[in-house]
Amino acid sequence: MDNEFKDLQRKWEKQKSELEGNSSNFKQLVSKIENNRKKGLSFHYGNIIVLSITLIGLFLFFYFVAPVKELLSRIGVGFMMIGILLRILIEISSSTKAKKINKLDTTLKTTELTISFYKFRKRIHGPVTKIIFVFYLVGFYMISPEFSKYFSLWQMILMDVSCLVIIAFIYIQIRKGIQNEMTLLLETIQLKKEITKE
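These numbers come from a predicted model, not from an experiment.

Parameters and conventions
- Residues numbered from 1 in each chain as written.
- Predicted model: local features only at pLDDT ≥ 70, side-chain atom pairs only at ≥ 80, totals over all residues.
- Heavy atoms only, no water.
- Helix = DSSP H or I, 4+ residues; strand = E, 2+ residues; numbered from the N terminus.
- Buried < 20%, exposed > 50% of the residue type's maximum accessible area, 1.4 Å probe, protein only.
- Patch = residues over 30% accessible without salt bridge, like charges linked within 9 Å, V, L, I, M, F, W, Y side chains within 5 Å.
- Areas by Shrake-Rupley, 256 points an atom, 1.4 Å probe, with all protein chains shown as cover.
- Salt bridge = Lys/Arg side-chain N within 4 Å of Asp/Glu carboxyl O.
- Lys, Arg positive; Asp, Glu negative; His and termini not counted.
- Charge placed at Lys NZ, Arg CZ, Asp CG, Glu CD.
- Contact = heavy atoms within 4.5 Å.
- Core = buried A, V, L, I, M, F, W, Y, C linked by side-chain atoms within 4.5 Å.
- Phe/Tyr/Trp six-rings, centres within 6.5 Å; stacked < 30°, edge-to-face > 60°.
- Lys NZ or Arg CZ within 6 Å of the ring centre and 35° of its normal.
- pLDDT = per-residue confidence, 0-100.

Caption draft 1: Structural context of the overall build of the protein. If you tally the helices and strands in the protein, you get 5 helices and 0 strands. Starting at the N terminus and walking to the C terminus, you meet the elements of the protein as α-α-α-α-α. For the protein, the proportion of its 198 residues judged to be buried stands at 38%.

Printed below as a string of structure tokens:
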């Protein structure tokens, strides 16, 4: 195993010197990789900011504007906030992992880290995101019985339908962002494989 790794290192050093000899190609690859990394980090930071503002807004709304009194409603608010907080923590963890992927330090290791990060993000964007949405929806509908005491039937229907529309819109926007992020990650993996190819 150790010999295989040393052999890979020798091949990398040889190819690195060949690539550096053709420095314009090498610089283009490095530039593309770095550009993709920055776009990915911007995506994470944007999500953290939007989700944090949403969480603070929800907290302020349910604390000052519509403080819920029933236990079921409080649990619902808790579900909503926990779902958003969970997503914020995931985005913070993702940005930390993304920062650890060094652009060309040891390209073989970096390629593996990028592939591992891609698999992690794919898991996050699949079932985890769906579970968070379900958490949020369940939480919202747990508040509905208490709200129905203060709102008429048509206002409740409007509120419930608008919640579904808003959730659907947010989900579609998140899916677009996810597809862009996955495209960037796959492109980066391909670029790094080009650098290490034999």
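Now that the structure has been shown, the text picks up again.
Caption draft 2: Expanded view of a positive patch on the surface. A contiguous patch of positive charge, built from Lys-97, Lys-100, Lys-119 and Arg-123, is present on the exposed surface. Elements with a minimum of two residues in the positive patch: α3 (71-100) and α4 (107-147). Tracing the chain through its elements places Arg-123 in helix α4.

Caption draft 3: Looking closely at the side chain of Asp-160. Within the secondary structure, Asp-160 sits in helix α5 (residues 153-196). Setting aside chain neighbours within four positions, we find Asp-160 in contact with Phe-140, Tyr-141 and Ser-144.

Caption draft 4: Region of interest: the nonpolar core. In this structure, Leu-58, Phe-62, Met-80, Ile-84, Ile-143 and Phe-147 are the most contacted members of the largest nonpolar core, which totals 20 residues. One finds Ala-98, Ile-115, Met-182 and Leu-185 within the second-largest nonpolar core, a separate group that totals 13 residues.

Caption draft 5: Seen up close, the packing of aromatic side chains. By the definition in use, this model includes 7 aromatic pairs. Ring geometry for Phe-59 versus Tyr-63: centroids 5.5 Å apart, planes at 15°, classification stacked. Of the two residues, Phe-59 and Tyr-63 both sit in helix α2 (residues 23-65), 4 residues apart, roughly one turn of that helix. Judged by centre distance (5.2 Å) and plane angle (85°), the rings of Phe-140 and Tyr-141 are edge-to-face. Ring pairing ties together the aromatic residues Phe-61, Phe-62, Phe-147 and Phe-151, which thus form one cluster. For Lys-97, the ring lying beneath its charged end belongs to Phe-120, and the centroid distance is 4.5 Å.

Caption draft 6: Layout of the confidence of the model for the protein. For the protein, the average pLDDT comes to 79, and 79% of its residues sit at 70 or higher. The secondary structure element of the protein with the lowest average pLDDT is helix α1 (residues 2-21), at 54, and the one with the highest is α3, at 89.

Caption draft 7: Local environment of the side chain of His-44. One can find His-44 in helix α2. With residues near it in sequence (within four places) discarded, His-44 still touches Glu-91, Ser-94, Ser-95, Ala-98, Phe-117, Arg-121 and Glu-181.

Caption draft 8: Structural detail: the pattern of salt bridges. A complete count under the given rule lists 2 salt bridges for this structure. One salt bridge in this structure joins Glu-70 and Lys-149, with 2.1 Å as the shortest N-O distance. Placement of the pair is Glu-70 in the loop between α2 and α3 and Lys-149 in the loop between α4 and α5, with a sequence separation of 79 residues. A residue is classified by how much of its surface remains accessible, and Glu-70, at 27% relative accessible area, is partly exposed. Residue classification places Lys-149 among the exposed residues on the basis of a relative accessible area of 56%. Between Arg-87 and Glu-91 there is a salt bridge; the shortest N-O distance is 2.8 Å. Of this pair, Arg-87 and Glu-91 both sit in helix α3, 4 residues apart, which is roughly one turn of the helix. Each member of the pair, Arg-87 as well as Glu-91, carries the same accessibility label: buried.

Caption draft 9: Expanded view of a nonpolar patch on the surface. Together, Ile-56, Phe-59, Leu-60, Phe-61, Tyr-63, Phe-64 and Val-65 make up a nonpolar patch on the protein surface, roughly 750 Å² of accessible area in all. Locating Ile-56 in the fold gives a position in helix α2. For Ile-56, a relative accessible area of 51% corresponds to the exposed category.

Caption draft 10: Representation of the environment of Phe-135 within the structure. Relative to the elements of secondary structure, Phe-135 occurs in helix α4. The exposure class assigned to Phe-135 is partly exposed, which follows from its relative accessible area of 32%. Along the primary structure Phe-135 and Ile-82 are separated by 53 residues, whereas in three dimensions their C-alpha atoms are 8.1 Å apart. Phe-135 has contacts with Phe-79, Met-80, Ile-82 and Gly-83, leaving out every residue within four places of it along the chain.

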